[in-house]
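Structural overview for review
Next come the chains, spelled out residue by residue.
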Amino acid sequence: KLSMILFFLFSPQLFSLMSSQQKISSLFVTNKFGGLIFTKHFYTRSSNNQQPNENVYMTLLSTMHSLHLMAQQIAPNPMDYQYMENIVMGDTIICTHQTATGVKFVIVVEGGGNSTDVPHRDQLMTDIYELYVEYVVKNPFYVDDHPFQNNCKEFVDRVTKLVEDRNGTS
């Protein structure tokens, strides 16, 4: 039973038909140690327009980091660092992308309906990663593995524009 559950959680999934209701609600970036180094919320579906407490997100990301480490131990190809791509919970999909250096990009997509994937997920994650490299890593004031919420405004602006275009809210 465990292997079936792990297969469901860790198997890569292909693109499905585009869902116009899917919207990216949040982006998180964690360092190679699982520490949260960036958070950006784009919108919320809740009636009171409030995001959950940041501690909820830190717990979620810590759990995902642990799942990645466990998946690495049981993965058929330990050199492939994409062990877990999507976690589906109702109509919410949590998508992850881990780089070769261990930095993880996590997006929360809401309104997925019955879909188990996010169309063009790989391209979206690649675009976010390229913005990260261009505007965070190349920033002379950025210190590796440290939070960059306030000192990389260009990254924040560009990733916000990218997500707003994707969500159709620009």
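All residue numbers refer to position in the chain's written sequence, counted from 1. Thresholds applied to this predicted model are a pLDDT of at least 70 for local features of residues and 80 or more for the giving and counting of side-chain atom pairs; totals over whole chains, interfaces and linings are not thresholded and use all residues. With hydrogens and water stripped out, all remaining heavy atoms of the structure feed into the side-chain values.

1. Here we look at the overall build of the protein chain
A tally of regular secondary structure across the protein chain gives four helices and five strands. Secondary structure elements are defined from DSSP: runs of H or I of at least 4 residues count as helices, runs of E of at least 2 residues count as strands, and each element is numbered from the N terminus. Helices (α) and strands (β) of the protein chain occur, in sequence order from the N terminus, as α-β-β-α-β-β-β-α-α. When accessible area is computed with a 1.4 Å probe and restricted to protein chains, residues below 20% of their type maximum are described as buried, those above 50% as exposed, and intermediate ones as partly exposed. Counting across all 170 residues of the protein chain, residues that qualify as buried make up 44%. Relative to all contacts within the protein chain whose residues are 6 or more apart in sequence, the contacts with residues 24 or more apart total 57%. Only heavy atoms matter for contacts: two residues are in contact if any of them lie within 4.5 Å across the pair.

2. Notes on the packing of aromatic side chains
Two rings from Phe, Tyr or Trp (for Trp, the six-membered ring) form a pair when their centres are within 6.5 Å of each other. A pair whose planes differ by under 30 degrees is stacked, one over 60 is edge-to-face, and the rest are tilted. Evaluated as defined, the whole model comprises eight aromatic pairs. Their ring planes at 25 degrees and their centres at 6.5 Å tell us that Tyr129 and Tyr132 sit as a pair that is stacked. Placement of both Tyr129 and Tyr132 in helix 3 (residues 121-137) is noted, with a separation of three residues, approximately one turn of the helix. When its relative accessible area of 30% is taken as the criterion, Tyr129 is described as partly exposed.

3. Some words on the confidence of the model for the protein chain
Detailed reading of the predicted model is not advised wherever pLDDT is low. The predictor reports its confidence for every residue as pLDDT, a score running from 0 up to 100. Taken as a whole, the protein chain shows an average pLDDT of 76; of its residues, 74% reach a score of 70 or greater. Contacts of residues 1-19 to residues separated by more than four positions or lying in other chains number 31 contacts, the stretch itself having pLDDT below 50.

4. Side note on the pattern of salt bridges
When the charged atoms of two side chains with opposite charge come close together, those side chains can pair. By definition, a salt bridge exists where a carboxyl oxygen of Asp or Glu is found within 4 Å of a side-chain nitrogen of Lys or Arg. Under the criterion given, the structure shown has six salt bridges. The salt bridge partner of Arg121 is Asp122, with a shortest N-O separation of 2.8 Å. Its salt-bridge partner being Arg158, residue Glu154 comes within 2.6 Å of it at the nearest N-O pair. Residue Glu154 and its partner Arg158 are both found in helix 4 (residues 153-167); the two are separated by four residues, about one turn of the helix.

5. Side note on helix 3
The end-to-end C-alpha distance of helix 3 is 22 Å, a good match for the 24 Å that 17 residues give at a rise of 1.5 Å each. Looking only at helix 3, the buried set comprises Arg121, Leu124, Met125, Ile128, Leu131, Tyr132 and Val136. Each buried residue of helix 3 sits inside an arc of 125 degrees when the element is viewed along its axis, so together they form one side. A helix is expected to span 1.5 Å for every residue after the first. Working note: the arc is built from the helix axis to C-beta atom directions.

6. Quick word on the sheet that holds strand 3 (residues 86-89)
Strand order in the open sheet formed by five strands is 2-1-5-4-3, with antiparallel pairing between adjacent strands. The outermost strands of the open sheet, each flanked by one partner alone, are strand 2 (36-41) and strand 3. On average, adjacent strands in this sheet sit at an angle of 15 degrees to one another, irrespective of strand direction. DSSP bridges decide pairing: two strands pair if at least two such bridges lie between them. The sheet contact formed by strand 3 and strand 4 (residues 92-98) spans four bridges and is antiparallel. Bridge pairing in strand 4 links Ile87 to Ile94. To define axes, lines are fitted to C-alpha atoms, for helices over the stretch in contact only, and angles between the resulting N-to-C directions are given on a 0 to 180 degree scale. Strands in contact with helix 3 are strand 1 (23-30), strand 3, strand 4 and strand 5 (104-110); relative to strand 5, the strand with the most contacts, it is inclined by about 130 degrees. Packed on one face of the sheet, helix 4 meets strand 1 and strand 2 and runs near 150 degrees to strand 1.

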